[in-house]
Amino acid sequence: MPAWSAQDGLSVTPPPPKQYARAKLDTVWDVRKELAKLYREAHRNDIDVGDASRLAKILVMMARIMADSEFEVRIEALEQRGRH
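Just so you know, these numbers come straight off a predicted model, no measurement behind them.

Draft legend 1. Up close: helix α1 (residues 28–43). The end-to-end C-alpha distance of α1, which contains 16 residues, comes to 22 Å, matching closely the 22 Å that a straight helix rising 1.5 Å per residue would cover. Looking at α1, one finds that the buried residues are D30, V31, L38, E41 and A42. Considered in projection along α1, the buried side chains sweep an arc of 110° and stay on one side of the axis. Exposed residues on α1 whose side chains face more than 90 degrees from its buried face are W29, Y39 and H43. Buried residues along α1 sit in contact with α2 (49–83). Phi for N45, located one or two positions after α1, is positive at around 65°.

Draft legend 2. The arrangement of α2 in detail. For α2, which comprises 35 residues, the first-to-last C-alpha distance of 51 Å matches the rise-based estimate of 51 Å (1.5 Å per residue) to within 8%. For α2, the full list of buried residues reads A52, L59, A63 and M66. Against α1 lie the buried residues of α2. Its side-chain oxygen 3.0 Å from the backbone nitrogen of G50, D48 forms the N-cap of α2.

Conventions we followed
Residues numbered from 1 in each chain as written. Predicted model: local features only at pLDDT ≥ 70, side-chain atom pairs only at ≥ 80, totals over all residues. Heavy atoms only, no water. Helix = DSSP H or I, 4+ residues; strand = E, 2+ residues; numbered from the N terminus. Expected span 1.5 Å × (residues − 1). Buried < 20%, exposed > 50% of the residue type's maximum accessible area, 1.4 Å probe, protein only. Arc of directions from axis to C-beta. Contact = heavy atoms within 4.5 Å. Polar contact = N/O pair within 3.5 Å; in protein donor to acceptor, adjacent residues only side chain to side chain.

All quantities given are derived from atomic positions and should not be read as evidence of function.
What follows is the structure in structure tokens.
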């Protein structure tokens, strides 16, 4: 609904900033799904390609960190087995 302004009569209220739903990013699979969603949004021009590229880089870093953490857990388990 438009807002009234004393100076120029009728003024238009700007739209609220776009809000994004929080994605569940607990696993590499979740990150993969979010990357696919991001690609589709950029392809449809729902999101700026530059923004999509920056977000994709962050998601790729998150996936690498998750994979590295998974390897650390596996290596620790193997080392524990080797000690006993």
